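# Examination of the molecular architecture
Chain by chain, the residues:
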Amino acid sequence: MKIQDAYTDWSATYDSDRNLTRDLDRMATEAALKGQTYRNVIEIGCGTGKNTALLTRISKRIVAIDFSPGMLQKAKSKIHSENVLFVAADLTKTWPCKSDSVKLIVCNLVLEHIEDLATVFLQASQALNAGGLFFISELHPFRQYQGIQAVFRNKQNEVKIAAFVHHISEFTDSALQNGFLLRELREWWHEEDDRNKFPRLVTFMFEKSIPNQECL
């Protein structure tokens, strides 16, 4: 099943399924952004809006992007805020945003499904103001080394969603090549299930350190 189709299929139960990774991601994102305010934010891979609600409290305008129609439909049904614009777009293609237009980009549990990280970092660099922040939360590669990936059960069977393993160095190298500095790297365990296990998530906070380039 294609990644886009899988997430649309999953959207029917995504919010109600037991999912410790989803829940930990929400907690990690709130911890990273707590107490901050931003004029404009881009959320890439907004899904059903699990982090969009938080962003509406800390930002005046959010562009929430996802390529799954089912996920976007769920998000729109939950988030009733005039400062959110939901957009259907493929992150591997040109993003629907202006150059040098935002102070923060948030990316949650998305990059495991994208093979070329450099393309994402390039477009993030183009969209951000100088000094802008790029927050990333992803399944920890230690878990991926064990064969763990996004999975859900539909009416017929268990569906494993195609994923690419990205080492920590791939994130930091792609960031450096596109003008980012690493401000923070944290590893996260879910208190209910992760004791004495590899970390479940890794988060990065990158800062854009160079003048913006022209949009693609």
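Now for a quick tour of the structure. (Residues numbered from 1 in each chain as written. Predicted model: local features only at pLDDT ≥ 70, side-chain atom pairs only at ≥ 80, totals over all residues. Heavy atoms only, no water.)

### Some words on the overall build of the chain
- From N to C terminus, the chain includes seven helices and nine strands.
- For the chain, the C-alpha radius of gyration of 16 Å lies close to 17 Å, the compact-globule estimate for 216 residues.
- Along the three orthogonal principal directions, the C-alpha set of the chain runs to about 50 × 35 × 35 Å.
- A burial count over the chain gives 50% of its 216 residues as buried. (Helix = DSSP H or I, 4+ residues; strand = E, 2+ residues; numbered from the N terminus. Rg over C-alpha atoms; globule rule 2.2 N^0.38 Å. Buried < 20%, exposed > 50% of the residue type's maximum accessible area, 1.4 Å probe, protein only.)

### Examining the environment of Gly47
- Positionally, Gly47 belongs in the loop between strand 1 (38-44) and helix 3 (52-58).
- Counting along the chain gives 148 residues from Gly47 to Arg195, while the straight-line C-alpha distance between them is 28 Å.
- The residues touching Gly47, leaving out its near neighbours within four places in the chain, are Asp66, Met71, Leu72 and Ala75. (Contact = heavy atoms within 4.5 Å.)

### Brief notes about the sheet that holds strand 5 (residues 128-139)
- Strand order in the open sheet formed by seven strands is 3-2-1-4-5-9-8, with mixed pairing between adjacent strands. A strand with exactly one partner marks an edge of an open sheet, and here the two such strands are strand 3 (84-88) and strand 8 (180-188). Looking at each pair of strands side by side, their axes are set apart by 15° on average, direction ignored.
- Note: strand 5 against strand 9 (residues 201-208), seven bridges, orientation antiparallel. Pairing of Leu133 across the sheet is with Glu207, part of strand 9.
- Against the sheet, helix 7 (residues 168-177) engages strand 5, strand 8 and strand 9, with an angle of about 10° to strand 9. (Pairing = 2+ DSSP bridges. Axes fitted to C-alpha atoms, helices over the stretch in contact; angles between N-to-C directions.)

### Let's talk about helix 2 (residues 20-33)
- Here helix 2 spans 20 Å end to end across 14 residues, near enough to the 20 Å set by a 1.5 Å rise per residue.
- In the core, the buried residues of helix 2 are packed alongside strand 1, helix 3, strand 4 (102-108), strand 5, strand 8 and strand 9.
- Its side-chain oxygen at 3.2 Å from the backbone nitrogen of Thr21, Asn19 defines the N-terminal cap of helix 2.
- Directly after helix 2, the chain includes Gly35, whose backbone phi takes a positive value near 85°. (Expected span 1.5 Å × (residues − 1). Polar contact = N/O pair within 3.5 Å; in protein donor to acceptor, adjacent residues only side chain to side chain.)

### Here's the deal with helix 7
- Every buried residue belonging to helix 7 is among Phe171, Ser174 and Ala175, and all of these are buried. Summarising the axial view, the buried residues of helix 7 lie within an arc of 100°, below the 170-degree limit, and thus occupy one face. Exposed and facing more than 90 degrees away from the buried side of helix 7 are Leu176 and Gln177.
- Contacts made by the buried residues of helix 7 are with helix 5 (117-127), strand 5, strand 8 and strand 9. (Arc of directions from axis to C-beta.)

### A short note on the packing of helix 5 against helix 7
- Across the interface, helix 5 lies against helix 7 with an axial gap of 9 Å and an inter-helix angle of 40°. In terms of their interaxial angle, helix 5 and helix 7 are classed as oblique. Judged by the sense of rotation from one axis to the other, the crossing of helix 5 with helix 7 is right-handed. Contacts between helix 5 and helix 7 pair Leu117, Ala118 and Phe121 from the former with Glu170, Phe171, Ser174 and Ala175 from the latter.
- Residues belonging to the contact of helix 5 with helix 7 are distributed by class as follows: five nonpolar, one polar and one charged. (Parallel < 35°, antiparallel > 145°, perpendicular 65-115°, else oblique. Left-handed = near helix turned anticlockwise from the far one by under 90°. Nonpolar A, V, L, I, M, F, W, Y, C, P; charged D, E, K, R; others polar.)

### Looking at the nonpolar core
- Grouped together as the largest cluster of nonpolar side chains are 28 residues, with contacts concentrated most on Ile44, Ile105, Leu111, Phe134 and Ile136.
- For this core, the secondary structure elements donating two or more residues are strand 1, strand 2 (59-66), strand 4, helix 5, strand 5, helix 7 and strand 9.
- Ranked by the residues each element gives to this core, the list is headed by helix 5, at five residues.
- Ignoring anything within four residues of it in the chain, the contact list for Ile44 reads Ile65, Leu91, Trp95, Ile105, Val106, Cys107, Asn108, Val110, Val120 and Phe134. (Core = buried A, V, L, I, M, F, W, Y, C linked by side-chain atoms within 4.5 Å.)

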